Protein chains: 2
Amino acid sequence: MSAFPLSDLTAGLRIEPGSPVDLAAIETDAAPGFDGNKAAGEKALLALAPELEELQERLFAQGKADGRRSILLVLQGMDTSGKGGTLRSTVGLVDPQGVRITSFKAPTEEERKHDFLWRITKALPPVGLIGVFDRSHYEDVLIARVRALAPPEEIERRYDAINAWEAELADSGVTVIKCMLHISAAEQKKRLLARLDDPTKFWKYNPGDVDEREQWPAYQEAYRIAIERTNTKVAPWHVVPADKKWFRNLAIGSLLLDALRSFDLSWPEADFDVEHEKQRLLDEKPL
Amino acid sequence: MSAFPLSDLTAGLRIEPGSPVDLAAIETDAAPGFDGNKAAGEKALLALAPELEELQERLFAQGKADGRRSILLVLQGMDTSGKGGTLRSTVGLVDPQGVRITSFKAPTEEERKHDFLWRITKALPPVGLIGVFDRSHYEDVLIARVRALAPPEEIERRYDAINAWEAELADSGVTVIKCMLHISAAEQKKRLLARLDDPTKFWKYNPGDVDEREQWPAYQEAYRIAIERTNTKVAPWHVVPADKKWFRNLAIGSLLLDALRSFDLSWPEADFDVEHEKQRLLDEKPL
């Protein structure tokens with residue numbers, strides 16, 4: 001059991017479907033729903049690990065039996081917002097066999113010849129697994145909008161297409177957890193400069209990130225519209241204050257655990273005669 | 001740095017290419033190359049974690065730059081030998097983004113319409129990643145041989161095909177680490193009975209496992225032949241005593257670390273002007 005009201009924390013991150021979104025009003029360095037400092041937050045996340053691990057294993061076990069559930073965690077956020085760090089710190093807490101991570105880059109030539117949801121659909125987690133998207137179909141209404149990579153009417157079409165697609169996912173047993181890792185422009189600047197100060201981080205730095213940064217307000221606006229247009233009851237958005245890495249990790253861990261708890265996962269029953277099987281083993285002839 | 005001679009441990013697991021293999025002579029409950037008990041072995045594995053993590057990140061970073069290396073860890077072993085447990089305890093030590101795990105089941109109808117290496121090739125790790133095969137192309141000369149799923153001449157052909165394919169992998173920058181997790185028949189019986197005693201483990205039990213168990217000597221013989229026929233300098237076999245789970249985990253962690261160390265991985269250099277980038281960020285207009 002966690003030492004803080006986990007569902008209060010997760011509820012506080014959820015954007016109410018149908019309500020307007022004001023990203024500027026959501027503090028990026030806050031820790032809503034958690035009354036403690038960094039050390040307490042890191043400890044709280046580790047305290048979730050055993051339950052996360054067990055429920056993930058139950059989900060996996062049910063996937064092997066007749067279960068139909070899976071989880072899709074969608075991580076979106078500006079460069080340096082910590083999509084990778086979240087994966088390492090939070091998703092890394094559970095058995096790697098039960099997780100399928102996909103990092104979406106700019107679409108390939110082949111992918112561009114298909115509808116934008118084609119490559120996304122191919123990456124969906126099988127039953128029993130936790131799929132994680134590091135970037136996602138939302139890039140097709142974020143960078144695509146900011147950089148005009150598609151005509152306006154196509155961008156418009158995509159919001160509805162996403163809603164229909166996610167509704168179908170929900171119907172088929174996939175719980176979609178959508179998160180925007182929300183950092184301030186000042187925090188991003190700090191993190192980019194830190195990469196430039198550390199030769200072991202140069203590989204993470206891309207001059208193009210600064211070009212994107214110049215479009216910061218346009219991206220915030222694109223996020224606002226995307227969240228408002230695709231914030232549905234079956235697949236609601238969460239805006240996760242992410243300037244504090246420890247809170248970001250705790251928040252994502254809490255969202256995962258909250259979803260797993262909601263499934264009320266039992267261990268699958270034996271589909272064989274347990275006593276008969278024991279006897280077979282005990283009675284076997286020498287090999 | 002590890003507190004035991006890591007390369008002694010890994011060298012002790014390697015089967016000398018060209019030499020005959022006598023699996024019965026390799027003790028399944030030994031801990032060769034490690035002078036300590038379970039607690040010491042678990043501690044030794046955790047002590048490897050920081051270096052494993054850092055070198056895995058360097059490998060990943062080089063993959064993003066102009067690197068060409070990747071690792072393919074092939075885990076084979078009888079049911080209950082601990083392929084899954086190894087994944088959780090050892091591969092779980094590194095960033096899940098840098099790992100790609102594939103569990104091979106019986107081939108699908110589509111897969112059976114292709115050469116046996118078709119589905120295996122599709123699952124190869126991209127540059128910079130650690131791929132892990134939980135079962136592999138070796139099933140096509142193990143269960144396929146024991147259960148006569150293919151004609152004898154096709155099984156014969158496969159040994160050479162595997163050698164040619166693995167040599168090509170090695171040439172292209174993939175370091176292949178092949179491991180047989182070696183348990184005794186008595187240990188398997190114990191583990192199967194333990195699954196039958198624990199309702200949280202029923203999902204891992206399959207009555208078919210006992211049918212396979214009845215073919216234990218045939219499987220050991222199939223392993224012996226497979227190892228002898230595909231034990232090459234570029235992709236040698238390791239037989240890992242696996243009755244002791246802690247030793248099995250330490251051994252696999254050591255093999256991974258040994259491979260990563262051999263790459264002499266440096267952090268990629270900046271392919272941009274670091275000072276210029278700093279200045280761009282410091283001089284930027286308000287967003």
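Residues numbered from 1 in each chain as written. Chains lettered and ligands numbered in written order. Predicted model: local features only at pLDDT ≥ 70, side-chain atom pairs only at ≥ 80, totals over all residues. Heavy atoms only, no water.

S.K.: What is the right way to read the interface of chain A and chain B from this model?
M.R.: In many analyses, interface size is given as the accessible surface area lost on bringing the parts together. Contact with chain A, which involves 45 residues of that partner, is made by 45 residues of chain B. Both faces combined, the contact of chain A with chain B buries some 4300 Å², and carbon together with sulfur accounts for 67% of it. Contact with chain B buries area across many residues of chain A, yet A:Trp203, A:Leu281 and A:Leu287 alone supply 17% of it, more than any other trio. Summed over the shared surface of chain A and chain B, the number is twelve salt bridges. A:Asp211 is the partner of B:Arg280 in a salt bridge, and the nearest nitrogen-oxygen pair spans 2.5 Å. Taken together, the links from chain A to chain B amount to 16 residue pairs in polar contact (both at pLDDT 80 or more). Listed by contribution, the elements that provide at least two residues to the side of chain A that touches chain B are helix 2 (38–64), helix 3 (83–89), helix 8 (185–196), helix 9 (207–213), helix 10 (216–229) and helix 12 (274–282) of chain A. In terms of residues, the side of chain A that touches chain B owes the most to one element, helix 12 of chain A, which gives six residues. A breakdown of the residues in the side of chain A that touches chain B according to their chemical character gives 25 nonpolar, four polar and 16 charged. (Contact = heavy atoms within 4.5 Å. Buried area = accessible area lost by both parts, 1.4 Å probe. Salt bridge = Lys/Arg side-chain N within 4 Å of Asp/Glu carboxyl O. Polar contact = N/O pair within 3.5 Å; in protein donor to acceptor, adjacent residues only side chain to side chain. Helix = DSSP H or I, 4+ residues; strand = E, 2+ residues; numbered from the N terminus. Nonpolar A, V, L, I, M, F, W, Y, C, P; charged D, E, K, R; others polar.)

S.K.: Would you mind going over the sheet that holds strand 2 (residues 99–103) of chain A with me for this structure?
M.R.: Note on sheets: strands pair through backbone hydrogen bonds, and any given pair is parallel or antiparallel. Residues and elements named next belong to chain A. Pairing in this open sheet of five strands is parallel, and the strands run 2-3-1-4-5 from one edge to the other. Each having just a single partner strand, strand 2 and strand 5 (237–241) make up the two edges of the open sheet. Taking the axes of each pair of neighbouring strands and ignoring which way they run, one obtains an average angle of 20 degrees across the sheet. When strand 1 (residues 70–77) meets strand 3 (residues 130–134), the two strands line up parallel, connected through five bridges. By the bridge assignment, Ile-71 is partnered in strand 3 with Ile-130. Contacts from helix 11 (residues 245–262) reach strand 1, strand 3, strand 4 (174–182) and strand 5, with the element oriented near 165 degrees to strand 4. (Pairing = 2+ DSSP bridges. Axes fitted to C-alpha atoms, helices over the stretch in contact; angles between N-to-C directions.)

S.K.: Is there a simple way to explain the sheet that holds strand 2 (residues 99–103) of chain B in this structure?
M.R.: Residue and element names in this part refer to chain B. Taken together, the five strands give an open sheet; going across it, the order is 2-3-1-4-5, and neighbouring strands pair in parallel fashion. Across the chains shown, the open sheet's two edge strands, defined by having one partner strand only, are strand 2 and strand 5 (237–241). Sheet twist, expressed as the average angle between the axes of neighbouring strands with direction ignored, equals 20 degrees. Sheet topology note: the strand 1 (residues 70–77)/strand 4 (residues 174–182) ladder contains eight bridges and is parallel. Pairing of Leu-72 across the sheet is with Val-176, part of strand 4. Sheet strands touched by helix 10 (residues 216–229): strand 1, strand 4 and strand 5. Its angle to strand 4, the strand with the most contacts, is close to 155 degrees. Set on the sheet, helix 11 (residues 245–262) makes contact with strand 1, strand 3 (130–134), strand 4 and strand 5; between it and strand 4 the angle comes to about 165 degrees.

S.K.: Explanation requested: the pairing of strand 1 of chain A in the structure shown.
M.R.: One face of the sheet, then the other: side chains in a regular strand alternate in exactly this way. With eight of eight residues buried, strand 1 of chain A is to be regarded as a mostly interior element. Neither face of strand 1 of chain A is left uncovered, since the one carrying A:Ser70, A:Leu72, A:Val74 and A:Gln76 and the one carrying A:Ile71, A:Leu73, A:Leu75 and A:Gly77 both have all their residues buried. (Buried < 20%, exposed > 50% of the residue type's maximum accessible area, 1.4 Å probe, protein only.)

S.K.: Mind showing me how you'd approach helix 8 of chain A here?
M.R.: Residue pairs spaced three or four apart in an α-helix point in one direction, given the helix's 3.6 residues per turn. With twelve residues, helix 8 of chain A extends 17 Å from end C-alpha to end C-alpha; this agrees with the ideal 16 Å at 1.5 Å per step. For helix 8 of chain A, the set of buried residues is A:Ala185, A:Glu187, A:Gln188, A:Arg191, A:Leu192, A:Leu193, A:Arg195 and A:Leu196. (Expected span 1.5 Å × (residues − 1).)

S.K.: Would you take a moment to explain the pattern of salt bridges for this structure?
M.R.: Side chains that differ in charge, positive against negative, can pair when their charged atoms come close. All names here are of chain A. Summed over all chains, the structure comprises 48 salt bridges over all chains. The closest approach of N and O atoms between Lys-278 and Glu-275, which form a salt bridge, is 3.6 Å. Here Lys-278 and its partner Glu-275 are both found in helix 12, three residues apart, which amounts to about one turn of the helix. A cluster of three or more residues bridged by salt bridges with shared partners is formed by Asp-115, Glu-154, Arg-157 and Arg-158.

S.K.: Hey, could you run me through the relation of the copies chain A and chain B in this one?
M.R.: Each copy of the chain is related to the other by a rotation around an axis and a translation along that axis. Each copy superposes on the other: chain A lies on chain B with an RMSD of 0.0 Å after a rotation of 180 degrees and an axial shift of 0.0 Å. When the rotation and shift are considered jointly, the pair of chain copies conforms to a two-fold rotation axis. A symmetric contact is evident, with 100% of the interface residues of chain A recurring at the interface of chain B. (Least-squares fit on C-alpha atoms with pLDDT ≥ 70 in both.)

S.K.: Sorry, what's going on with the side chain of A:Arg58 here?
M.R.: All names here are of chain A. Tracing the backbone through its elements, the reader meets Arg-58 in helix 2. Judged by its relative accessible area of 19%, Arg-58 is buried. Not counting the four nearest positions on each side in its chain, Arg-58 is found in contact with Leu-265, Ser-266 and Trp-267.

S.K.: Honestly, the layout of surface pockets in this entry has me stumped. Any pointers?
M.R.: If a probe the size of a water molecule is rolled over the atoms, the empty space left behind becomes visible. Residue and element names in this part refer to chain B. Of the volumes computed, that of the second largest pocket is approximately 260 Å³. If you trace the second largest pocket, you find 13 residues lining it, with Arg-14, Thr-175, Val-176, Ile-177 and Ala-259 closest to the centre. Put simply, the parts of the chain that give the lining of the second largest pocket at least two residues each are strand 4 and helix 11. Its residues assigned to classes, the lining of the second largest pocket comprises eight nonpolar, three polar and two charged. (1 Å grid on protein atoms, 1.4 Å probe; cavity = no way out; pocket = protein on both sides within 12 Å on 5 of 7 lines; lining within 4 Å. Points joined across faces, edges and corners; volume = space filled by probe spheres on them.)

That is the geometry; function is a separate question.
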